[in-house]
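For reference, the chains in residue letters:
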Amino acid sequence: RRAFAAGLEWSAHSTQYAIPEHVGQAILQGVSDARSFVCNVSRSVIGDCLERYGGGADVYALNITADADTLRQRLASRGRESAAEVSKRVARAKEREPKGDHVIHIRNEATPEEGVDMLVAALTGELRYSLWLVPSAGSETAAAAGRLIGELAQHHDVAPFRPHITLGKTFTGDQAEALARAKQVAATIEKLYINFSGVGHEDHKFRCLYLSVDASPALEAAHRTAVEIMHGSATSAKGYAPHLSLLYAALPEAERAAAANTIGAKAVPGFQCGELALVMTFGSSHQCW
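Parameters and conventions
- Residues numbered from 1 in each chain as written.
- Predicted model: local features only at pLDDT ≥ 70, side-chain atom pairs only at ≥ 80, totals over all residues.
- Heavy atoms only, no water.
- Helix = DSSP H or I, 4+ residues; strand = E, 2+ residues; numbered from the N terminus.
- Expected span 1.5 Å × (residues − 1).
- Buried < 20%, exposed > 50% of the residue type's maximum accessible area, 1.4 Å probe, protein only.
- Contact = heavy atoms within 4.5 Å.
- pLDDT = per-residue confidence, 0-100.
- 1 Å grid on protein atoms, 1.4 Å probe; cavity = no way out; pocket = protein on both sides within 12 Å on 5 of 7 lines; lining within 4 Å.
- Points joined across faces, edges and corners; volume = space filled by probe spheres on them.
- Nonpolar A, V, L, I, M, F, W, Y, C, P; charged D, E, K, R; others polar.
- Phe/Tyr/Trp six-rings, centres within 6.5 Å; stacked < 30°, edge-to-face > 60°.
- Pairing = 2+ DSSP bridges.
- Axes fitted to C-alpha atoms, helices over the stretch in contact; angles between N-to-C directions.
- Parallel < 35°, antiparallel > 145°, perpendicular 65-115°, else oblique.
- Left-handed = near helix turned anticlockwise from the far one by under 90°.
- Salt bridge = Lys/Arg side-chain N within 4 Å of Asp/Glu carboxyl O.
- Core = buried A, V, L, I, M, F, W, Y, C linked by side-chain atoms within 4.5 Å.

Let us look at helix α6 (residues 140–155). Taking 1.5 Å of rise per residue, the 16 residues of α6 would be expected to cover 22 Å, and the 23 Å separating its terminal C-alpha atoms lies within 8% of that figure. Along α6, the positions that sit buried rather than exposed are Thr141, Ala142, Ala144, Ala145, Leu148, Ile149, Leu152 and Ala153. Buried-residue contacts for α6 involve β10 (209–213), β11 (243–247) and β12 (271–273). Within two residues after α6, Asp157 carries a phi angle of roughly 55 degrees, on the positive side.

If you want it as structure tokens, here you go:
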């Protein structure tokens, strides 16, 4: 403190930290020159960062994390805390995670190389996003589809995922742009009813096993609207085959067919779609989405 005037300061674990005022001024000057900066700060000063720098720049909080089970396993492997202390620490960290449109969550649950790729894409505004139609949490459809996805994932030793139907092709860009376009889509399309028509499987990880969706005129119109808004053109809207994936895996055809035969199209009821989710779908490790 005696050595410099602190622009941002905080304390943690009996230690004081700061971003000096002269560094803050350099950041402001660099922002005006269209440069990017990365600062390692406490979550307690994110609001101060937004207030100080958000007037002339896009300010994001990059939250590098993992799910609670993964965090508990990693902390337990260090052997520094008891199981109760680990659980309490993870619960506290999850409760205090930053939230909001300015937060980019990086789920560091794949290889170190994939984690680095996600981090670089976030810093350069080149993450990939998708629009998902999802059943409301707590609904009969969400429960039935979630249960089926979970059982299949456990049987084939892969990660489960949230039940969804992809509405438009993936979009690459910065988060502010992706959010703005997603909100425009949500405000434009009409309410949709989703009805399942059969069970399918393909030699493709993300279409290994799925429920086919009736491509109603309203759903096809919503897809065209999403593509036009997210990509600026409807030329890539052809060949839309809506579906709700049940398993992400690489399986032989005979195994896929056997699994499909055990599932009926009515295993998951149709639903009135009331939620459109913008999901970061960068990379092939879907547990990081």
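All right, on to the confidence of the model for the chain then. Mean pLDDT for the chain: 90, with 96% of residues reaching 70 or above. Summarising per-element confidence for the chain, the mean pLDDT is lowest in strand β1 (residues 6–12) (79) and highest in β11 (97).

Our focus in this paragraph is the layout of surface pockets. One simple way to see leftover space: roll a probe sized like a water molecule over the atoms. In this structure, the second largest pocket occupies an estimated 730 Å³ of space. In terms of lining residues, the second largest pocket is bounded by 31 residues, among which His105, Arg107, Val279, Met280 and Trp289 are the most central. Elements supplying a minimum of two residues to the lining of the second largest pocket: β4 (103–107), β5 (127–134), α7 (175–188) and β13 (275–280). Here the residues of the lining of the second largest pocket sort into 17 nonpolar, seven polar and seven charged.

All right, on to the packing of aromatic side chains then. Summed over all chains, the structure comprises seven aromatic pairs. Each residue in the set Trp132, Phe161, Phe206, Tyr248 and Trp289 is aromatic and connected to the rest through ring pairs, giving one cluster.

For the rest of this paragraph, the subject is the pairing of β5. Counting buried residues along β5, seven of its eight residues qualify, which places the element largely inside the surrounding structure. Two strands pair when backbone bridges link them, and β5 and strand β7 (residues 171–173) are joined in this way by three bridges, in the antiparallel orientation. If you follow Tyr129 over to β7, its bridge partner there is Phe171. Here β5 runs beside strand β6 (residues 165–166); their pairing, made up of two bridges, is antiparallel. Looking at β6, one finds that Leu133 is bridged to Ile165.

This part covers the packing of α7 against helix α8 (residues 217–231). Orientation of α7 relative to α8, taken along the N-to-C sense of each, is 150 degrees, at an axis distance of 9 Å. Of the possible angle classes, the one that applies to α7 and α8 is roughly antiparallel. Between α7 and α8 lies a crossing of right-handed hand. Where α7 abuts α8, its residues Ala178, Arg181, Ala182, Gln184, Val185 and Thr188 lie against Thr225, Ala226, Ile229, Met230 and His231. Within the contact of α7 with α8, the residues separate by chemical class into six nonpolar, four polar and one charged.

A separate point is the pattern of salt bridges. According to the stated counting rule, one finds ten salt bridges in the structure shown. Across the salt bridge formed by Arg107 and Asp67, the nearest N and O atoms sit 3.8 Å from each other. Note that Arg107 is positioned in strand β4 and Asp67 in the loop between β3 (61–65) and α3 (68–78), a separation of 40 residues in sequence. On the basis of relative accessibility, which here comes to 27%, the residue Asp67 falls in the partly exposed class.

Tallied over the entire structure, the rule returns one cavity of 30 Å³ or more. Reported here for the largest cavity is a volume of approximately 40 Å³. In terms of lining, the largest cavity is formed by Tyr60, Ile104, Ala121, Ala122, Gly125, Glu126, Leu127, Tyr129, Gly173, Asp174 and Gln175. By residue class, the composition of the lining of the largest cavity is six nonpolar, three polar and two charged.

Our next topic: the nonpolar core. Residues Ile165, Leu167, Phe196 and Leu246 are the most contacted members of the largest nonpolar core, which totals 55 residues. No other element matches β5, which puts six residues into this core. Not counting residues within four places of it along the chain, the set of residues in contact with Leu167 comprises Leu131, Leu133, Val185, Ile189, Leu219, Ala222, His223, Ala226, Tyr240 and Leu276. Leu8, Ile19, Ile27 and Cys49 belong to the second largest nonpolar core, which has seven residues in total.

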